[in-house]
Amino acid sequence: MLERKKIMIIAIDGPSGAGKSTVARLLSRELGFEYIDTGAMYRALAYKAYINNIEVKEDTIDEMLETTEVDYSDNKIFLDKMNVESLIRSEEISKYASKISAFKNVRTKMVELQRNIAKNKNVILDGRDIGTKVFPDADFKFFITASVETRAERRYEQLLAGGTAADRDNVLEDIKKRDINDSTREFSPLKKADDAILIDTTHMEINEVVRKIKDFVGGQNVL
C-alpha cells in the first residue's frame, strides 16, 4: 500500500460522459478539497502531440514525454508551464487522448505525477484508474456511470454549450469506441474497484450525485 500522511483522498472513477469531472469539481468546492482532473493531464499530452503532428505511437510519445512538463494547479492544467485548460476539450483532442492513455509508459508517468501533486493534501481525483491503480488505498472510492445514450447526450449538449458543432450519432459512436478502448486496454483498464461505491447517474441530476457522495462521506464522521 502507498505510504502517506493522514490526509483524505477521494477517488471517483467512471466512463466518459458519466459526469464524474463535474461532480468531483463541485464536491471539491463544498468540502474545501483540492480537485485534480487526471483526464486533463492526458488531454494535455494529446494536445501537444496534435499541434506538433507527432504520430501516436508508443515510441514517439515516449520521446515526447522526455521533454514535456504537465502540472495541475488551481483547477487548471499546465503544459510546459502554459495554461492549456481552454485548448484541450475538443473531440479531436479526446480521440488523441484515448489513444495516448493506452500506452503503459504514459500511464506510468501520469500516475507518478498524480501521486506527487496529491501529496500532503485533501484531494478529490477523477479518472478511470484512480481507485484501482493511482490510489488503491484511497479513503473513499466511487464509480460513477450512466447509460451510454445518456452519456452521449450529455457530451453532445456540452459541446454545443461550448460553441462546438457536433452530431449526436457521431458523439454516440465516439463514446462507444472510448468505452471499448478504456475497458480493454492491456495496462490499467477502466474498471470498478472492488470496494468502490457504484452510482448510476442515468436518472440523476448533478446536484443529487454530489449530495449523495457528500452525505456518504460525512456519514462516516470524517469531515
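Everything discussed here concerns the structure shown above.
Just so it is clear, the structure is predicted and the values come from calculations on it, not from any experiment.

### Focus on the side chain of Asp13
At step 1: Locating Asp13 in the fold gives a position in strand β1 (residues 9-13).
At step 2: For the buried Asp13, no salt bridge is present, and the opposite-charge side chain at shortest range is Lys20, 7.5 Å distant.
At step 3: Within the local environment of Asp13, its side chain forms a polar contact with the backbone nitrogen of Ile130, the two atoms lying 2.9 Å apart.

### Thoughts on the packing of helix α2 (residues 38-51) against helix α5 (residues 104-117)
At step 1: In the contact formed by α2 and α5, the axes pass within 11 Å of each other and the chain directions differ by 130°. Of the possible angle classes, the one that applies to α2 and α5 is oblique. In this structure, the crossing between α2 and α5 has a hand that is right-handed. For the pair formed by α2 and α5, the contact residues are Thr38, Met41, Tyr42 and Leu45 on the first element and Val106, Arg107, Met110, Leu113, Gln114 and Ile117 on the second.
At step 2: Here the contact of α2 with α5 is composed, by residue class, of seven nonpolar, two polar and one charged.

### A word on helix α1 (residues 20-31)
Within an α-helix, residues lying three or four positions from one another point in the same direction, as the helix has 3.6 residues per turn.
At step 1: For α1, with 12 residues, the first-to-last C-alpha span of 16 Å sits near the 16 Å given by 1.5 Å per residue.
At step 2: Of all the positions in α1, only Lys20, Val23, Ala24, Leu27, Ser28 and Leu31 are classed as buried. Viewed end-on, α1 has its buried residues packed into an arc of 130°, placing them on one side of the element.
At step 3: Just downstream of α1, Gly32 is the residue with a positive phi angle, here 75°.

### Digging into the pattern of salt bridges
Close approach of charged atoms lets side chains of opposite charge pair.
At step 1: Tallied over the full model, the rule gives 15 salt bridges.
At step 2: Between Asp74 and Lys76 there is a salt bridge, with the nearest N and O atoms lying 3.6 Å from each other.
At step 3: Note that Glu85 is salt-bridged to Arg89, the shortest N-O span being 2.6 Å.

### Considering the sheet that holds strand β7 (residues 140-145)
Sheets are built from strands paired through backbone hydrogen bonds, the pairs being either parallel or antiparallel.
At step 1: Taken in spatial order, the five strands line up as β2-β6-β1-β7-β8 in an open sheet, and their pairing is parallel. The open sheet has two edge strands, β2 (34-37) and β8 (197-200), and neither has a second partner. Strand-to-strand, the axes of this sheet are offset by a mean angle of 20°, without reference to chain direction.
At step 2: Where β1 meets β7, four bridges bridge the pair, whose relative direction is parallel. Pairing of Ile12 across the sheet is with Phe142, part of β7.
At step 3: In the packing of α1 onto the sheet, contacts are made with β1, β2, β6 (123-127) and β7, and the angle to β6 comes to roughly 175°.
At step 4: Along the sheet, α2 makes contact with β2 and β6, crossing β2 at roughly 40°.

### Describing the pairing of β7
At step 1: Counting buried positions over the six residues of β7 gives six, a clear majority of the element.
At step 2: Residues of β7 alternate between two faces, with Phe140, Phe142 and Ile144 on one and Lys141, Phe143 and Thr145 on the opposite face, all of them buried.
At step 3: Relative to β8, β7 runs parallel, the two sharing four bridges. From the neighbouring strand, Phe142 faces β8, where its bridge partner is Ile197.

### Section: the packing of α2 against helix α4 (residues 91-100)
At step 1: α4 packs onto α2 with a crossing angle of 105° between their chain directions and a minimal axis gap of 8 Å. As judged from the angle between their axes, α2 and α4 are roughly perpendicular. Contact residues: Tyr42, Arg43, Leu45, Ala46, Tyr47, Ala49 and Tyr50 in α2; Glu92, Ile93, Ser94, Tyr96, Ala97 and Ile100 in α4.
At step 2: The residue inventory of the contact of α2 with α4, partitioned by class, reads 10 nonpolar, one polar and two charged.

### Quick look at the sheet that holds strand β3 (residues 70-73)
At step 1: Spatially, β3-β4-β5 is the arrangement adopted by the three strands of the open sheet, whose pairing is antiparallel. Lying at the two open borders of the sheet, with one neighbouring strand each, are β3 and β5 (82-83).

### Description of the environment of Thr68
At step 1: Take Thr68: it is sitting in the loop between α3 (58-65) and β3.
At step 2: For Thr68, a relative accessible area of 14% translates into the label buried.
At step 3: Along the chain, Thr68 and Asp80 lie 12 residues apart, while their C-alpha atoms are 6.1 Å from each other.
At step 4: When neighbours within four sequence positions are excluded, Thr68 is seen to be in contact with Leu45, Lys48, Leu79 and Asp80.
At step 5: Only 2.9 Å separates the side chain of Thr68 from the side chain of Lys48, close enough to count as a polar contact.

Conventions used here
- Note that residues are indexed from 1 along each chain, following the sequence as it is written.
- The predicted origin of the model limits local features to residues at a pLDDT of at least 70 and limits the giving and counting of side-chain atom pairs to 80 or more, whereas totals for whole chains, interfaces and linings rest on all residues.
- Hydrogens and water molecules were not included; the side-chain quantities draw on all heavy atoms of the structure.
- Each helix is a run of H or I in the DSSP string that is no shorter than four residues. Each strand is a run of E no shorter than two, and both are numbered from the N terminus.
- We call a residue buried when its accessible area falls under 20% of the maximum for its residue type, exposed when it is over 50%, and partly exposed in between, using a 1.4 Å probe and counting protein chains only.
- Positive: Lys, Arg. Negative: Asp, Glu. His and the chain ends are not part of the count.
- For this document, the term salt bridge refers to a Lys or Arg side-chain nitrogen within 4 Å of an Asp or Glu carboxyl oxygen.
- Nitrogen and oxygen atoms within 3.5 Å of one another constitute a polar contact, given that in protein one can donate a hydrogen and the other can accept it, and given that sequence-neighbouring residues count only through two side-chain atoms.
- Helix axes are fitted only over the stretch in contact, all axes being lines through C-alpha atoms; the angle between N-to-C directions runs from 0 to 180 degrees.
- Under this scheme an angle from 65 to 115 degrees is roughly perpendicular, one under 35 degrees roughly parallel, and one over 145 degrees roughly antiparallel; angles in between are oblique.
- Crossing chirality is assigned from the near helix's rotation relative to the far helix, an anticlockwise turn below a right angle marking it left-handed and a clockwise turn marking it right-handed.
- We call two residues in contact when some of their heavy atoms are within 4.5 Å.
- All residues other than Ala, Val, Leu, Ile, Met, Phe, Trp, Tyr, Cys, Pro, Asp, Glu, Lys and Arg, Gly among them, are scored as polar; the first ten of these are nonpolar and the last four charged.
- An expected span of 1.5 Å times one less than the residue number is assigned to each helix.
- In this context, the arc is that of the directions from the helix axis out to the C-beta atoms.
- For two strands to be treated as a pair, DSSP must find no fewer than two bridges joining them.

From the geometry alone we can't say anything about function, so treat these as descriptive.
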